[in-house]
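Tertiary structure, described
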Amino acid sequence: MIGKDIKLFISDTKTLLVLLVLALLGIAGVFLASGITPPTVITVGIVDHEQSNYSEMLKTYFAENEDFNAFVNIYEGTEEEVNARFEKGELDFYFIIPENFTSEMIGMKNTPIKAVINSDDKAKAAVYGALLESYSRYITSVEVNIESLTFRMREEDYDRQLIRDKNVEISWDLVMTALGKDAFFEREAFDRMASLPLTDHYIYSVLILLVLYSGMLTGYAVLLERKSGVRSRLVSCGISPARTIISKVLVYGTLMSAAFLAVMTVMKQFGKIEFSFGIGLYLTALIFGAGIVFSVLALLIRSKNGYCFFSNMAILLMTVLGGGIIPVMYLPNALSGFAQFMPSYRFITFILQK
Amino acid sequence: MGAFVLRLKLLLTDRIATVCYALCVIVMLSVFFNMNLHASDNSRVPMGLLCESESPVAVRLRDRLLGSDALRVTTGSMEELTELLMDGYIGSIFVIGDDYETKLRDGIREDLIKVITPSDDTSSIIVQDIVAGYMMYDVCFFRTYDEYRTLPGNGAETLTEEEYAAFVAEVAEDPDYGFDFDIRYVDIENPDKSGISVTTAMIYRQIIAGLIGMLLLVLVVCGCNGFALEHGQSITARRRTTGGNLFAAYALELLAVLVYLTPAVLLSSLIMIKESGFGGSVVIFLLGEGLCAFFVIVCFALTRAVRSASSYQLVGTVVCLFFGACGFISTFSALTGTQVLGATPVAVYIKQFAEMLV
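Residues numbered from 1 in each chain as written. Chains lettered and ligands numbered in written order. Predicted model: local features only at pLDDT ≥ 70, side-chain atom pairs only at ≥ 80, totals over all residues.

1. Describing the packing of helix 8 (residues 160–179) of chain A against helix 7 (residues 124–149) of chain B
Quick note on the threshold: Angles run from 0 to 180 degrees between N-to-C directions of axes, and those axes are lines fitted to C-alpha atoms, restricted for helices to the stretch in contact. Helix and strand labels come from DSSP, where a helix needs a run of H or I of at least four residues and a strand needs a run of E of at least two; each type is numbered from the N terminus. An angle below 35 degrees is read as roughly parallel, one above 145 as roughly antiparallel, one from 65 to 115 as roughly perpendicular, and any other as oblique. The crossing is said to be left-handed when, going from far helix to near helix, the turn is anticlockwise and less than a right angle, and right-handed when the turn is clockwise. For every residue pair, C-beta atoms are placed from the backbone, and the pair is scored as a contact if these atoms sit within 7 Å. All residues other than Ala, Val, Leu, Ile, Met, Phe, Trp, Tyr, Cys, Pro, Asp, Glu, Lys and Arg, Gly among them, are scored as polar; the first ten of these are nonpolar and the last four charged.
Interhelical geometry of helix 8 of chain A versus helix 7 of chain B gives an angle of 150° and a closest axis separation of 11 Å. By the angle between their directions, the pair helix 8 of chain A and helix 7 of chain B is classed as roughly antiparallel. Here the hand of the crossing between helix 8 of chain A and helix 7 of chain B comes out right-handed. From helix 8 of chain A, Lys 166, Ile 170, Asp 173, Leu 174, Thr 177 and Ala 178 of chain A reach across to helix 7 of chain B, where they touch Met 136, Val 139, Cys 140, Arg 143, Thr 144 and Glu 147 of chain B. In terms of residue class, the contact of helix 8 of chain A with helix 7 of chain B is built from 6 nonpolar, 2 polar and 4 charged.

Printed below as a string of C-alpha cells:
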C-alpha cells in the first residue's frame, strides 16, 4: 500500500511541479518578508509662532537628543512652507505653536497647540492621535501642579519675583522630567520568553497555514481515491479502508515533512528563521496530525466541492482563532479562549517559550 | 443564458457543497461580527498589572490604569500574569512596587515601576509612554509639594500634604486646566474625509475588512473548483468539439459563480452596517462583488493553467494567501515600509472599506 501511494505521489508530476514552485516561492517570500524593516524615521513639521526662550530651549533639547533624532526628523518653517510640505505628503504631522503660548499658559490661559495629522494612512494616524492624547495628559499634570503652587504662593502673599522664579524653575524641571519619562521604568527582560516581530509572526502563521493545507491535500487524495472507486476495489481485494487511509497519511506526511524541513533548513542557513530539532519535530507532528484530521473529514464529506469549502473555511477559522492574523491578545475574550486548541497558536508559543 | 443557468444549477444541486458553503459563511461571519462588536475594547493595548503596594498613591495609579481608554489592563498575581505573558495574552507586566509612594515622596524619579517584557521586546515602549502619562500627576504633585513645603516661611500657615492635595485636586477639576492638543486629521487623498478623528478601533476594523476579503477569496477558489474538476476530466476539450461561442459561455458561467457567492458578499457587507451606514454598506457590497469578480477571472485562468484539481487547490490557496498577505501588510504599510503593496486587490478592498467607516 505504501509503495503504491509513494508511486502515486511521485507520478503526479504536475502536483509535484506545483509544490516545487510553491516551495521556491515560499523561500523567496520569507527572504522578502524578512527584508522588510519598519521605517525608522517619521517627519514632523513645526510652525513656531512663539519663538520664545522656552520653545527655543525645547527645540534645542530635541535637536541634541540622539535617541529622539534616531526616529524623528523635525522640519521647521513658516505655516505656508510647512503646510505646502504636508500637502505633498512629506510630513506625517505638524504642530503650530501659537503666539504667546508659554506666557498664556503661565497666565492660566490654555491656548491649545494645533496638531495636524495626515490621515491617509489610518493606522499611522491612529497611533499618532493616541500618543498626542497621552502627551496632553503630561502637559495637564505639569500645568495643574505648577498653577496650584503659584496660586498657593499668591494666596500666602509670597514675593512676586519669588513666585515667578519658582514657576520658571519648576516648570523647566517638570518639563524635563516629562521628556525623560523613560527613566520612570526599570525594564527587565523575561528570559523564558522571546518577542516576535510582526513580519516573523506572519511568516510562522503562513508556515502553519501551509502545514494545514498539506493536511488538506492528504484528505483530498483520500477523497479522490474513494470517488474514483479505487478504495472499493482495494476493499474487495481484502485491504481494509483504515489501512488505505493510514498509508496515505504516512506517505503524504513523510514526504511533506521532508519538504518542509528541507525548506526550513535552507532558510535557517541564511539566518531567516529560527529552526531547531524541537521545532522540526513539532512541525512534523503537526503535519501528520493535520493529515489525519483532514482524512477523517474527507470520509465524512462526500462532495469534492463540499470538502474544499469546509476544509478551506476550517483552515481560515483555525488561523484566525489561533492568532495567526490578529495576535491572540487582541482577540475578543469569547474567541481567544479557543486559541489554545489551534495549531498556529501552539506553534508560535512553542517557538517563543524558551 | 443556458450556460449561466446550467452552472448555477451545477453549483446549487451539489447539496453537500452548498450546505458547507452556507455553514462556513455563517460561522466565519459570526466570528467577524463578534470581533467587530468588541473592536473598541480589543484595540486597546493589553498589559498585565501587579500592584504590590496598598498605599493610596499606588492604588490611585492602579485605578487610573484600569480606567484607561488606551489600555486593556489585566491584574493578578505574578504567577498568573507570567502565565498570561508566556501564553501571549498580554505583552508586558508592569509592577508597582511596595516602595512606589516612598520613592515619589523622596523625589526619586527613576525606576519607579518595573516593566517585565519578553526579551528583545520594543513594543512595550508605547505602553510605557501611556502609563507614564498616568504617573505624571503624582510625580508633579510630589515635586511641587516638596517645593511648597520648603518655601521660606512668611508667617502664613503651611498646608498639610492632605490639604495641599485637596487644593491641587480642586484646581485640576477646573475645566480651564485641562490641556488638549487641537488635533485635526487631514486626508490629503480624500479631502472630504478630513476632520474625522481616527481611532485604534479603526485599525482593528481594517484587519476585519482584510479577513472578510480573505474569506471572499477562499470562497471564490472553492466556487471555481468545478472548472478545475471539469478541466481535469477533459470536459473542456469535449466542449470545444461542440463548437459555439465558448468565450460567451464561460463569461456567463463565471457570472453564475459570482451570483452563487453573492449571498456571502451581501452578508459580509452588513457586518459593519452600524459604522458604515446603509450607503456605506452598499458601497462595501459593490467592493466585495468587484473583488470576487476579479478573483473569479484569476481562478478561472488558474484552472486552465494547472489542469489538475489538486494543483488548482494548491495554487489557488497560495494566490489567496499572497493577495491576503499583501492586503494585511499594506494596512500597516506605515509601520512596515511596504507601501508598494497598496495596489494589490485586497489592499484596495481594505482601504476603500475603511473609507466607508470614517
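2. A short note on the pairing of strand 3 (residues 93–96) of chain B
Residue and element names in this part refer to chain B. The condition that has to hold: Here a residue counts as buried when 20 or more other C-beta atoms fall within 10 Å of its C-beta, as exposed when 12 or fewer do, and as partly exposed in between; the C-beta atoms come from the backbone. By this definition, two strands are paired if DSSP reports at least two bridges between them.
Both faces of strand 3 are covered, namely the face carrying Ile 93 and Val 95 and the face carrying Phe 94 and Ile 96. Note that strand 1 (residues 45–51) and strand 3 share 4 bridges and pair parallel. Bridge pairing links Leu 50 to Val 95 in strand 3. Here strand 3 runs beside strand 4 (residues 113–119); their pairing, made up of 4 bridges, is antiparallel. Each residue of the ladder has a partner; that of Ile 96, found in strand 4, is Ile 113.

3. Quick notes on unusual backbone geometry
One can expect most non-glycine residues to show negative phi and most peptide bonds to be in trans. Backbone geometry places Asp 157 of chain A, a non-glycine residue, at a positive phi of 60°. Within the secondary structure, Asp 157 of chain A sits in the loop between helix 7 (122–155) and helix 8. The exposure class assigned to Asp 157 of chain A is exposed, which follows from the 10 C-beta atoms found within 10 Å. Positive phi outside glycine occurs at Asp 111 of chain B, with the angle close to 50°.

4. Re the interface of chain B and chain A
Listed by partner, the interface residues are 110 residues for chain B and 111 residues for chain A. Residues that form the side of chain B that touches chain A fall into these classes: 64 nonpolar, 28 polar and 18 charged. Where strand 4 (residues 114–118) of chain A meets strand 5 (residues 182–186) of chain B, 5 bridges bridge the pair, whose relative direction is parallel. Across the sheet, the residue bridging to Asn 118 of chain A is Val 186 of chain B, located in strand 5 of chain B.

5. Concerning the sheet that holds strand 4 of chain B
Across the sheet, which stays open at both edges, the 5 strands sit in the order 5(A)-4(B)-3(B)-1(B)-2(B) with mixed pairing between neighbours. Every other strand in the sheet has two partners, leaving strand 5 (185–194) of chain A together with strand 2 (71–75) of chain B as the edge strands with one partner each. Taken pair by pair, the neighbouring strands of this sheet meet at an average axis angle of 30°, ignoring direction. Note: strand 5 of chain A against strand 4 of chain B, 7 bridges, orientation parallel. Within the sheet, the bridge partner assigned to Glu 188 of chain A lies in strand 4 of chain B and is Ile 116 of chain B. Across the face of the sheet, helix 4 (residues 56–66) of chain B comes into contact with strand 1, strand 2 and strand 3 of chain B while running at roughly 160° to strand 1 of chain B. Helix 5 (residues 78–86) of chain B contacts strand 5 of chain A together with strand 1, strand 2 and strand 3 of chain B of the sheet and is inclined by roughly 160° relative to strand 1 of chain B.

6. Description of the sheet that holds strand 5 of chain B
Read across the open sheet, the 5 strands follow the order 2(A)-1(A)-3(A)-4(A)-5(B); overall the sheet is mixed. Two strands bound the open sheet, and with one partner strand each, they are strand 2 (72–76) of chain A together with strand 5 of chain B. In this sheet, adjacent strand axes meet at a mean angle of 20° when their direction is disregarded. Here 4 bridges tie strand 3 (residues 93–97) of chain A to strand 4 of chain A, and the two strands are oriented antiparallel to one another. Paired with Ile 96 of chain A across the strands is Lys 114 of chain A, a residue of strand 4 of chain A.

7. Quick look at the pairing of strand 3 of chain A
Residue and element names in this part refer to chain A. Counting buried positions along strand 3 gives 4 out of 5 residues, so the element sits mostly inside the fold. The pairing of strand 1 (residues 42–48) with strand 3 spans 5 bridges and is parallel. By the bridge assignment, Gly 45 is partnered in strand 3 with Tyr 94.

8. Points about helix 9 (residues 198–227) of chain A
All names here are of chain A. So the rule is basically this: Here, expected helix span is obtained from the residue count minus one, scaled by 1.5 Å.
Between its first and last C-alpha atoms helix 9 spans 42 Å; for 30 residues at 1.5 Å apiece the expected length is 44 Å, and the two agree. With 23 of 30 residues buried, helix 9 lies mostly within the body of the structure. Once helix 9 ends, the next one or two residues include Gly 229, with phi positive near 85°.

9. Focus: helix 7 of chain B
An α-helical turn contains 3.6 residues, so any two residues separated by three or four positions project in the same direction. Residue and element names in this part refer to chain B. We apply this condition: Bend is the name given here to the angle between axes fitted to two runs of seven residues, the run ending at a residue and the run starting at it.
With 26 residues, helix 7 ought to run about 38 Å at 1.5 Å a step, and its terminal C-alpha atoms sit 36 Å apart, in line with that. Approximately 40° is the largest bend angle found in helix 7, and it occurs at Met 135. By the criterion of burial, helix 7 is predominantly enclosed, with 20 of the 26 residues buried.

10. Regarding the packing of helix 10 (residues 225–232) of chain B against helix 13 (residues 273–306) of chain B
Residues and elements named next belong to chain B. Viewed as axis vectors pointing N to C, helix 10 and helix 13 meet at an angle of 20°, and their least axial separation amounts to 9 Å. Here helix 13 runs roughly parallel to helix 10, going by the angle between their axes. In the crossing of helix 10 with helix 13, the sense of the turn from one axis to the other is right-handed. Across from Phe 227, Ala 228 and His 231 in helix 10, the residues of helix 13 making contact are Phe 300, Thr 303 and Arg 304. Considering only residue class, the contact of helix 10 with helix 13 consists of 3 nonpolar, 2 polar and 1 charged.

11. Re the environment of Tyr 100 of chain B
Residues and elements named next belong to chain B. Assignment of secondary structure puts Tyr 100 in helix 6 (residues 100–105). Under the C-beta neighbour-count criterion, Tyr 100 is labelled buried, with 23 such atoms within 10 Å. Setting aside residues up to four positions removed in sequence, Tyr 100 forms contacts with Ser 53, Ser 55, Val 57, Ala 58 and Leu 112.

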